[in-house]
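Below, each chain spelled out in residue letters.
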Amino acid sequence: MKRIDNQYKFDDFRKKFSSFTFESQKIEIKGNDLLISFFFDLDGKYHFTPTLTIPARDFYHWHSIPDDSLQTLAFQIGMIELISYWKITCPKKVIVKPFSLNEKQIAFWKKLYFNGLGEFFYLNNINCSEDDFMNIESSSEKTFPVVNLPLQEKVIIPVGGGKDSVVTLELLRNEFECTPLIVNPRGATLGCVKTAGYADDDFMVVNRTLDPVMLQLNKEGCLNGHTPFSALLAFVTLMLGFGSGSRYIALSNESSANESTVPGTKINHQYSKSVEFERDFREYVAENINADIQYFSFLRPLNEMQIAHFFSRFEAYHSVFRSCNAGSKTDSWCGNCPKCLFTWIILSPFISREKLTKIFAKDLMSDLTLMPVFEELNGTSAVKPFECVGTVEEVRACVDAMTNRKDTIAATSPKSTVNVAELLKNYNEENFLPEKIAAVLKSYLNV
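Residues numbered from 1 in each chain as written. Predicted model: local features only at pLDDT ≥ 70, side-chain atom pairs only at ≥ 80, totals over all residues. Heavy atoms only, no water.

**Here's the deal with the overall build of the protein**
- For the protein, the helix and strand inventory stands at 17 helices and 11 strands.
- The C-alpha radius of gyration of the protein comes to 22 Å, within 12% of the 22 Å expected for a compact globule of 447 residues.
- Once the C-alpha set of the protein is aligned to its principal axes, its extents read approximately 65 × 50 × 40 Å.
- Expressed as a percentage of the 447 residues in the protein, the buried residues total 59%.
- Counting contacts in the protein only where the partners sit at least 6 residues apart, residues at least 24 apart contribute 73% of the total.
- Of the roughly 18,100 Å² of accessible surface on the protein, a fraction of 49% belongs to carbon and sulfur atoms.
- Across the protein, the 47 positively charged side chains and the 54 negatively charged ones have centroids separated by 4 Å. (Helix = DSSP H or I, 4+ residues; strand = E, 2+ residues; numbered from the N terminus. Rg over C-alpha atoms; globule rule 2.2 N^0.38 Å. Buried < 20%, exposed > 50% of the residue type's maximum accessible area, 1.4 Å probe, protein only. Contact = heavy atoms within 4.5 Å. Areas by Shrake-Rupley, 256 points an atom, 1.4 Å probe, with all protein chains shown as cover. Lys, Arg positive; Asp, Glu negative; His and termini not counted. Charge placed at Lys NZ, Arg CZ, Asp CG, Glu CD.)

Shown next, in the form of structure tokens:
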């Protein structure tokens, strides 16, 4: 991905705009729908009101939850939502009005913002340190209260439409009461939950809207780039967990997500999917909100190779899953991006080339125009793609396993230091799976 020298814009905006303020939040229960609005202010010149709407379901009990608990949970969502709007001009000061934050809480948010914006800073060629990029001030004396609500042995599983969440759903739903969650439903996400047998009212939906003023400012040349969506999802799932009385929130982030996108740095497109963020988030929630609710990645012990192996067995999903961001609006595989090519490669040891060609509507390995993308994936280029893709070694191992590489983009790929069989034996112990959840995964792996 091309880098743009926007340091001058960053410096100029920080002179023109002195502060960004989280003014307030509003929670409304209309019928059984929950509507959350946030009110942000940029130096009194621009105002933003992003919203979240959670459509009614029988398993929610919003009316019986104390307002102070709802306010606590909404505030956390607002704190992560604000970073999408702050990045427009990156003012040095952030003022938080709804609740006060202590030094440890401020340190948590600053670390999350800085590392979650690592790709944004890198691709915009912005040089700043974690200490200096932002100062957070609280203007309220009111601390947000902890949340004390009963939880049951139920599991929420966010579904993104790709192979990973399908594997989590299929492995857990026969052992626990599982409820899929979709943010801003689209073809593939709906296709996956419907293929799993869930009716319209059986899964959670969150409709998130971005403020049009931000979108207009982006068009006019303000700073733009990647923000940590998975961190937003983490705080949204807390709200849904307490709203439905579900103790477990099972993400589908694998061990491969820990690898930096830019080798030798902490810049990681998948930072908010990493085990580092997961650890920080769990500690923050346990100390400040509730220690009973459990947020974890069910697939953290696995690598991408193992997930692909599982997914290859779930043939009913092969025609409906999509991992391509470029084709998300048309519910298709674009066939030209790193996500498409990586997904093809990681499935190639387990699904025939003929079937993959049918899934992707073309033979990606024969498309020589994808050579630059392939070189980013296999480590020949200095930087990996800024996408949710696996490790260099996983790509190389898959290529080594290909029986016919002649006249394909894989013809000159570097050799791997491990093979497919070795990668399929991994179990990463650095994870936060509750014992009874880990037992399910181990039973499928025969560990």
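Structure shown, so let's carry the discussion forward.
**Comments concerning the pairing of strand E10 (residues 246-251)**
- With 6 of its 6 residues buried, E10 lies for the most part within the structure.
- Pairing of strand E7 (residues 152-158) with E10, which is carried by 3 bridges, proceeds in the parallel orientation. For Ile 156, the partnering residue across the bridge sits in E10 and is Ile 249.
- Bridging between E10 and strand E11 (residues 294-297) involves 4 bridges; their strand directions are parallel. Each bridged residue has a counterpart across the sheet, and for Leu 251 the counterpart in E11 is Ser 297. (Pairing = 2+ DSSP bridges.)

**So, the side chain of Glu 81**
- With respect to the helices and strands, the residue Glu 81 is situated in helix H2 (residues 67-81).
- Excluding residues within four positions of it along the chain, Glu 81 makes contact with Phe 40, Pro 50, Arg 208 and Leu 232.

**Some details on the state of the cysteines**
- Inspection of the entire model under this criterion finds 0 disulfides.
- With no disulfide of its own, Cys 334 has Cys 324 as its nearest cysteine by sulfur position, at a separation of 3.6 Å.
- With no disulfide of its own, Cys 388 lies 11 Å from the sulfur of Cys 337, the closest cysteine sulfur.
- Look at Cys 388 and you get partly exposed, because its relative accessible area is 21%. (Disulfide = S-S within 2.5 Å.)

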